[in-house]
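Here are the chains, one letter per residue:
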Amino acid sequence: MSPTTGKTPPRPGRGSRGFTLLEVIIAVAIIGSSLAILIGAVNKNLIMASQSKNITIASFLAQKKLGEIELIGIPDIGNQEGFFEEAPEFRWYLSVQPYNIEQLGADIRIVILTVTWDEGNKEFTIGTAMSDYR
């Protein structure tokens, strides 16, 4: 009994205020699951951002290389390959094939440029036709 009120103090356990061990374990499990899902989503977003960056770089490099080819003139038939000095992890492969339309009387070439990265596992391909017709 308490000397001031004459009542017995509440016993710890069922009548006390607070969380049980089971409630704390369930709360920790819910928080842990939520964090695992959020970390997975953030990781996926980082991977997608990196892939998007590489595709953008590859498309700019392909446009630049096609511009260089157009400045030189109609390319020779055959295959060529190389790398970009400004981005050595990106390589380019050029395929030039003839395309004859006798009625036009012009030399037409189909130019296919492929830019690869990630050790050749990823690629970006662009194609165009070039002619000496004036």
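Look up: the structure comes first, before these words.
Predicted model, so just to flag it, every value in this text is computed and none were measured. Residue positions within a chain follow its written sequence, with the count starting from 1. Residue-level local features of this predicted model are given only where pLDDT is at least 70; pairs of side-chain atoms are given and counted only at 80 or more, and the full residue set underlies all totals for whole chains, interfaces and linings. In computing side-chain values, all of the structure's heavy atoms are included and hydrogens and water are not.

## Section: the overall build of the protein
Each helix is a run of DSSP H or I of at least 4 residues and each strand a run of E of at least 2, with the numbering of both proceeding from the N terminus. Helix and strand counts for the protein stand at one helix and four strands. Going from N to C terminus, the protein has its helices and strands arranged as α-β-β-β-β. Working definition: with a 1.4 Å probe on protein chains only, accessible area under 20% of the residue-type maximum means buried, over 50% means exposed, and in between means partly exposed. Looking at the protein as a whole, 19% of its 134 residues qualify as buried. Considering only contacts in the protein between residues 6 or more positions apart, those separated by 24 or more positions represent 38%. Residue exposure ignores everything except the shown protein chains as possible cover, and the areas themselves are Shrake-Rupley values with a 1.4 Å probe. When the accessible surface of the protein is split by element, carbon and sulfur atoms take 59% of a total near 10,600 Å². Any two residues whose heavy atoms approach within 4.5 Å at even a single point are treated as in contact.

## Some remarks on the pairing of strand β4 (residues 122–131)
Of the strand pairs in this sheet, strand β3 (residues 108–117) and β4 are connected by 10 bridges, and their pairing is antiparallel. Across the sheet, residue Arg-109 finds its bridge partner in β4, namely Met-130. Should DSSP find at least two bridges between two strands, the strands are regarded as paired. Hairpin connection, β3 to β4: the antiparallel pair is bridged by four residues, and Asp-118 has positive phi, about 55°.

## Some words on the nonpolar core
Within the largest apolar cluster, 16 residues are counted, with the highest numbers of intra-cluster contacts made by Phe-84, Phe-90, Leu-94, Val-111, Leu-113 and Val-115. Contributing elements (two or more residues each) for this core: α1 (21–72), β2 (87–99) and β3. Among buried residues, the Ala, Val, Leu, Ile, Met, Phe, Trp, Tyr and Cys ones that are joined through side-chain atoms within 4.5 Å form a nonpolar core.

## Structural notes on the pattern of salt bridges
Take a side-chain nitrogen of Lys or Arg and a carboxyl oxygen of Asp or Glu: if they are within 4 Å of each other, that pair is a salt bridge. The full count for this structure, using the stated rule, is five salt bridges. We note a salt bridge from Glu-68 to Lys-64, for which the minimum N-O separation is 3.9 Å. Placement of both Glu-68 and Lys-64 in helix α1 is noted, with a separation of four residues, approximately one turn of the helix. Taking relative accessible area as the criterion, Glu-68 reaches 34% and is therefore assigned partly exposed. Judged by relative accessible area, which is 39%, Lys-64 ranks as partly exposed. The shortest N-O distance in the salt bridge between Arg-91 and Glu-81 comes to 3.1 Å. With Arg-91 in strand β2 and Glu-81 in strand β1 (residues 78–84), the pair connects residues that are 10 residues apart, well separated along the chain. The exposure class of Arg-91 is partly exposed, given its relative accessible area of 30%. Take Glu-81: its relative accessible area is 51%, and that puts it in the exposed class.

## Points about the environment of Gly-78
Tracing the backbone through its elements, the reader meets Gly-78 in strand β1. With 19 residues separating them along the chain, Gly-78 and Gln-97 place their C-alpha atoms 6.7 Å apart. Excluding anything up to four places from it in sequence, Gly-78 contacts Leu-94, Ser-95 and Val-96.

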